[in-house]
Amino acid sequence: MHFTAENLAARRGEDLIFVNISFHLAAGEALVLTGKNGSGKSTLLRVAAGLLRPEKGTVIFRDEKGGEDRHPGEVSHYLGHRNAMKNELTVAENLDFWRAFLGNPGGAAGLSVEDAADAVGLSGITHLPFGYLSAGQQRRMAFAKLLVAHRPIWILDEPTAALDASADRLFAELIAAHLTKGGIVLAATHQPLGVENARELKMTGFAGVDAGVWG
Ligand SMILES: Nc1ncnc2c1ncn2[C@@H]1O[C@H](COP(=O)(O)OP(=O)(O)OP(=O)(O)O)[C@@H](O)[C@H]1O
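The name given to the protein in an unreviewed UniProt entry is Heme ABC exporter ATP-binding protein CcmA, with the source organism recorded as Rhizobium anhuiense.

Novice: Is there a simple way to think about the overall build of the protein in this case?
Specialist: Looking only at helices and strands, the protein has six helices and eight strands in total. Counting helices and strands in the order they occur from the N terminus, the protein gives β-β-β-α-β-β-α-α-α-β-α-β-β-α. Relative to its length of 215 residues, the protein is compact, with a C-alpha radius of gyration of 17 Å against a globular reference of 17 Å. With the principal axes as the frame, the protein shows a C-alpha extent of 55 × 40 × 30 Å. The buried share among the 215 residues of the protein stands at 47%. Partitioning the contacts of the protein with sequence separation of at least 6, the portion at a separation of at least 24 is 71%. Here the protein has roughly 10500 Å² of accessible surface; of this, 51% comes from carbon and sulfur atoms.

Novice: What is the right way to look at the environment of His-127 in this model?
Specialist: Inspection of the secondary structure assignment puts His-127 in the loop between α3 (113-119) and α4 (135-148). Judged by relative accessible area, His-127 falls into the exposed class, the value being 55%. Along the primary structure His-127 and Thr-90 are separated by 37 residues, whereas in three dimensions their C-alpha atoms are 5.5 Å apart. Among the polar contacts made by the side chain of His-127, one reaches the main-chain carbonyl oxygen of Gly-124 at a distance of 3.5 Å.

Novice: Is there a simple way to explain the nonpolar core in this structure?
Specialist: For soluble globular proteins, the rule of thumb is that nonpolar side chains tend to be buried together. Val-120, Met-141, Phe-143, Trp-154, Leu-156, Ile-175 and Val-185 are the most contacted members of the largest nonpolar core, which totals 37 residues. The element contributing the most residues to this core is α4, with seven residues. For Met-141, the residues in contact, after removing those within four places along its chain, are Met-85, Val-91, Leu-95, Ala-117, Val-120, Leu-122, Ile-125, Thr-126, Phe-130 and Leu-133. Of all hydrophobic cores here, the second largest spans 27 residues; its members include Leu-8, Ile-17, Phe-23 and Ala-188.

Novice: How should the layout of surface pockets be read in this particular structure?
Specialist: The rolling of a water-molecule-sized probe over the atoms marks out the regions of remaining empty space. Volume-wise, the largest pocket comes out at about 320 Å³. Forming the boundary of the largest pocket are 16 residues, of which Leu-51, Tyr-78, Gly-80, Ala-84 and Lys-145 lie nearest the centre. Elements with a minimum of two residues in the lining of the largest pocket: β5 (76-79) and α2 (91-102). Across the lining of the largest pocket, the residue classes tally to seven nonpolar, five polar and four charged.

Novice: I'm lost on helix α5 (residues 165-180) in this one. Help?
Specialist: Side chains three or four residues apart in an α-helix point the same way, a direct result of the helix having 3.6 residues per turn. For α5, with 16 residues, the first-to-last C-alpha span of 23 Å sits near the 22 Å given by 1.5 Å per residue. Of all the positions in α5, only Ala-167, Leu-170, Phe-171, Ala-172, Leu-174, Ile-175, His-178 and Leu-179 are classed as buried. Here the buried face of α5 lies against β3 (30-34), α3, α4, β6 (153-157) and β7 (184-188). Where α5 ends, the next residue or the one after it, Gly-182, has phi of about 95°, a positive value.

Novice: Just checking my understanding: could you explain the confidence of the model for the protein for this structure?
Specialist: When pLDDT drops low, the exact placement of atoms in the prediction is not to be read closely. For the protein, mean pLDDT is 90; residues scoring 70 or higher make up 93% of the total. Here helix α6 (residues 207-210) is the element of the protein with the lowest mean pLDDT, 47, and β6 is the one with the highest, 97.

Novice: Help me understand unusual backbone geometry, please; the structure alone is not making it clear to me.
Specialist: With the exception of glycine, the majority of residues adopt a negative phi angle, and the majority of peptide bonds are in the trans configuration. Backbone geometry places Asn-20, a non-glycine residue, at a positive phi of 55°. When you line up the elements, Asn-20 lands in strand β2 (residues 15-26). Under the relative-accessibility criterion, Asn-20 is labelled partly exposed at 36%. Its identity as a non-glycine residue notwithstanding, Glu-158 has a phi of 45°, on the positive side. Positionally, Glu-158 belongs in the loop between β6 and α5.

Novice: Before we go on, may I ask you to explain the site of the ligand in this structure?
Specialist: Among the 13 residues in the neighbourhood of the ligand, the closest are listed as Gly-38, Gly-40, Lys-41, Ser-42 and Thr-43. Within the contact set of the ligand, an oxygen atom lies 3.0 Å away from a side-chain nitrogen or oxygen of Asn-37. Ser-39 places a main-chain nitrogen or oxygen 3.1 Å from an oxygen atom of the ligand. With the chains in place, 61% of the 650 Å² that the ligand exposes on its own is no longer accessible. Among the elements that make up the shell around the ligand, the one with the highest residue count is helix α1 (residues 41-48) (three residues).

Calculation rules
Residues numbered from 1 in each chain as written. Predicted model: local features only at pLDDT ≥ 70, side-chain atom pairs only at ≥ 80, totals over all residues. Heavy atoms only, no water. Helix = DSSP H or I, 4+ residues; strand = E, 2+ residues; numbered from the N terminus. Rg over C-alpha atoms; globule rule 2.2 N^0.38 Å. Buried < 20%, exposed > 50% of the residue type's maximum accessible area, 1.4 Å probe, protein only. Contact = heavy atoms within 4.5 Å. Areas by Shrake-Rupley, 256 points an atom, 1.4 Å probe, with all protein chains shown as cover. Polar contact = N/O pair within 3.5 Å; in protein donor to acceptor, adjacent residues only side chain to side chain. Core = buried A, V, L, I, M, F, W, Y, C linked by side-chain atoms within 4.5 Å. 1 Å grid on protein atoms, 1.4 Å probe; cavity = no way out; pocket = protein on both sides within 12 Å on 5 of 7 lines; lining within 4 Å. Points joined across faces, edges and corners; volume = space filled by probe spheres on them. Nonpolar A, V, L, I, M, F, W, Y, C, P; charged D, E, K, R; others polar. Expected span 1.5 Å × (residues − 1). pLDDT = per-residue confidence, 0-100. Near = heavy atom within 4 Å.

The following block contains the structure:
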C-alpha cells in the first residue's frame, strides 16, 4: 500500500500557500505536518483528501494487489477542524450515516456504533443528540467515525483539539493500532501525537515561495 504526493503546490484565493511538497508513505507509516498558524497544513491535508484541487502535482494511492491507481480521497478518512456531525441527530444516527456514506473501500469491516463509542471511552450515550455532548465528547465521537468504516488512510487535522490528557492518550493508542494493522496516517498537529517513528514535515508557508522555489 502506497500513498504518494509529488511536487504539490496549492493556492488559496490569489496566493500560493506552498510549493514542491513531496512525500511517500507505505503501510504502517505516519507523517506529521508541523509549522506555524497559516503555514498551509490544513490546505495540504485538504489536497490529500481530494477536497481541494492542487495547483500543481499529484496525490496517488496504490494498493498491494496491483490495482489501478486511485485518488487517496477515495480510501481516506478525513477528520477536519470541525466534527462533521449534525447536532440535532443522535450520536448513533450520525455514526450510522457515516458508515453508510463511507462504505467499505478498505475491504475490512468497521466496528458497530456501540463498539466504536466504547473504543473512544463513551459507551452508553449514543442515544443522545450530538449537540448535547461536551466539546471533548463531541471530538471523541467524531473520532469514532474513523472506526465504524474501515479506510486505510487517516487524514487528521488537529485531532486532539479540545481533548483532555486521557483522550490524548486514547487517540494515540487508536492511531498506533491503525498503523500496526498496516494503515497510513497523515496528520497536522501542534501537540505531539505520541506516535512512535512518525516522520515530520515542517511547513514553512510562504517562505518556500519567497525563496523562489516556485516556477
Ligand atoms: N478560502 C481561502 N481563501 C483564501 N485564503 C485562504 C483560504 N483558506 C485558507 N487561506 C489561507 O491559506 C493559508 C494557509 O491556511 P491553512 O489553514 O492551510 O494553515 P494551517 O497551517 O493549517 O494553520 P493553523 O495552524 O492555524 O490551523 C492561510 O494564510 C490562510 O489565511
